[in-house]
Each structure stands twice: as structure tokens, then as C-alpha cells.
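Single-letter residue listing:
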Amino acid sequence: MTSPEISVIVPVYKAETTIRKCIDSLLAQTFKDFEIILVDDGSPDRSGKICDEYAQQDSRIKVVHKTNGGVSSARQYGIDYALGEYTIHADPDDWVESRMLEALYNKAKETEADMVICDYYINENQYIKQKPSSLKHRVVLKEIFLHLHGSCWNKLIKRTCYSMPKVEFPKHIFYCEDQYVMAAILRYDIKIAYLPQAFYHYNKSHGLQGLSRRYDKNTYHVDLKIREMFKELLQDFPEQQQIAIQSKTRSIVYRAFTLGRQCFSNKMFQKEFGFYAEKMHISSKDPLLKWLIYYSCKGHFHLCNHIYWMGVRLNRIRRTALH
């Protein structure tokens, strides 16, 4: 049996309502020489059975059933099982356009690239451009913490890249696992190409569900752990390391502010993040949010958090009324 040109890896968990659309969009590809690896991460719903049904209908589909270990372990399982020269990931609540694999593969062959980056859509039609300012690996490494998405679903990557030292999806991490692996790969002087087209439809609302349910002390410690992981990974790249730490710190403060009302008192929030207030750049697309976080860092967390969520609820009511 000859190996396929491309392996598409789909981690599957509680996706019975969306997985069919995802798989159908992959099977509709104009490019035919690929395999789909569906990694059932111990899903308690019918997701695993749906995957098996598709595998019985198309020999290009392989299903791996495993005990639940999180999305990071599921992605690594997929890489370990992959046979293709190139790999790309897809999430089970997203879908892709029919020319995606063909266009990315042709670009990879034309440029002899190890990684091809393309644009993507949020939901149906919000176009997100992903052009790096340079195709040098150090520049792209820096920019995945600035304005490029750290995902592995808008990047076709040679499978051999996953064999390089320290390139492995980290265990026990349920987000940022893809950005971590992209950073690990981009430490190496690989050849990168960019295709100014979008094929992937990222369902942002579904993607945020797992992160928005709660924020507690355990989540906070995981955030800190992830920041330390990036710090260690990039210790030989001081410029990129500094940008990564700043990016992760901003993310921690934002998540703690928006979701941590049950986790932090005013004093605790000030103690943890008071240092950040002096480093904030107030000018932004959402200056009110910046000011609320600033005064939270100064000891007024609960009041500012209450104002923030009042605004969120009012916006929801306004959007509902418009529809």
C-alpha cells in the first residue's frame, strides 16, 4: 500500500452535531490522494460511532479510539499514526472548502516548502489575512505571538518536521497546544511559503466554549505553566521569547479579568497583576476594556468586572433586538 500525499488529522470529542459537516467537506476535496485520521478522544456521545460509520464507507478514513486525554494528546496520536508526506489538522466543529488540499499541496511542491501558511475565515465569511512580514523562520516565529494565528489547521506541514527535537504536542494541555508546536517547529530554519487564499472556516464560537465555562485557581496555574513552557522552549531565541511571554501575560490577565470573578478577590487580583497596570498600553480597539483591566490591577477588580459583564449583557440584548 502506497502512502498518501497528505494526512488530515481531526481530534474528536463531543462533536456529534458537527463532525459530519467537517468530514463531508474533507471528502469533497478536489485533491484525492489523502487520508483522514479521526482521533476519538474518549468522546461520551455518538462521535466515535459516527467516525466508524464514515470509515466503513471510505477506505481513506482511519479511526483511532483512545481514552480521554485532551486535544493535545489527540493531535499527537494523529501525528503518530500519519503516513502522508504532508500533514494538516482540522477541528470537528469547523469545515473546509473543496480546493484546500489541492491548492496547499501545489504551493508546497511549487516552492519546495516545509510549511505553507494560508488565510482563513471566521465562521462563514469573515476573511482573516495571515501574510507574514517575511518568510524567514525567526520572523514567523515572532509573529505567531503578534498577529498570526498559531493554529495547525491553516498550515500544510511536512510530516518530517514533527520528528525534529522538542516538536511534540505537550501532554495535559487543553489549549495553546497548536501554537506551542508551531513555535517548536519554527525554531528550525525550515522553508516557508504563503498562499494568499482562504479555505478553512473556523467556528470561533465553538472554539471558545471550552475556555469560557469557568476560570479557577487550577486554570490560572495551567495558564502560568503554559507561559513557562513557552519561556523554556524559546530560551535560545531571546527576542521571540520576550514577545511570547508578553503575549501570554496579556492573555492571562485578560482571561483572569473576564472569567475569574469567583477566583480572585480585589486584593488577590491586585497582588497577582498589579505590576501589569504600569505596562499597559491603553490605546486599543477596546479602550474601555483596557481601562477596566487597568483599574482592576489597581485594586478595583470586582467593580470593573461587574461593569464589563453589564456591557456584555447589554450588547447581547441589543444584538437580539436588531434580529
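Look up: the structure comes first, before these words.
Everything in this summary refers to the structure shown in the same document. (Residues numbered from 1 in each chain as written. Predicted model: local features only at pLDDT ≥ 70, side-chain atom pairs only at ≥ 80, totals over all residues. Heavy atoms only, no water.)

### A word on helix α4 (residues 100-111)
The end-to-end C-alpha separation of α4 is 17 Å, in line with the 16 Å expected for 12 residues at 1.5 Å each. Regarding α4, the residues found buried are Met100, Leu101, Ala103, Leu104, Tyr105, Lys107, Ala108 and Thr111. Positive backbone phi, approximately 55°, marks Glu112, located one or two places after α4. (Helix = DSSP H or I, 4+ residues; strand = E, 2+ residues; numbered from the N terminus. Expected span 1.5 Å × (residues − 1). Buried < 20%, exposed > 50% of the residue type's maximum accessible area, 1.4 Å probe, protein only.)

### Concerning the packing of aromatic side chains
Going through the model one piece at a time under the given rule, you end up with 27 aromatic pairs. Considering the side-chain rings of Phe264 and Phe269, the 5.7 Å spacing of their centres and the 90° angle between planes classify their relative orientation as edge-to-face. Three or more aromatic residues joined by ring pairs form one cluster here, namely Tyr215, Tyr220, Phe257, Phe264, Phe269, Phe273, Phe301, Tyr308 and Trp309. Across from the ring centre of Tyr77, 5.1 Å away, lies the NZ or CZ of Lys66, which sits over that ring. (Phe/Tyr/Trp six-rings, centres within 6.5 Å; stacked < 30°, edge-to-face > 60°. Lys NZ or Arg CZ within 6 Å of the ring centre and 35° of its normal.)

### Section: the environment of Ala256
By the element assignment, Ala256 lies in helix α9 (residues 238-259). In this structure the C-alpha to C-alpha distance between Ala256 and Arg187, which are 69 residues apart in sequence, comes to 30 Å. The contacts of Ala256, once residues within four sequence positions are left out, are Tyr215, Phe264, Phe269, Phe273 and Phe301. (Contact = heavy atoms within 4.5 Å.)

### Observations regarding the side chain of Asn305
Position of Asn305 relative to the elements: it lies in helix α11 (residues 287-322). If sequence neighbours within four positions are ignored, Asn305 has contacts with Phe257, Thr258 and Arg261.

### Concerning the pattern of salt bridges
What the rule picks out here adds up to 11 salt bridges. Asp41 is the salt-bridge partner of Lys66, the closest N and O atoms lying 2.5 Å from each other. Here the residue Lys66 occupies a position in strand β3 (residues 61-66), and Asp41 occupies one in strand β2 (residues 34-41), the gap between them amounting to 25 residues. Note that Arg255 is salt-bridged to Asp223, the shortest N-O span being 3.1 Å. Taken as a pair, Arg255 in helix α9 and Asp223 in helix α8 (residues 217-233) lie far apart in primary sequence, 32 residues in all. Taken together, the salt bridges that share partners define one network made up of Arg20, Arg46 and Glu53. (Salt bridge = Lys/Arg side-chain N within 4 Å of Asp/Glu carboxyl O.)

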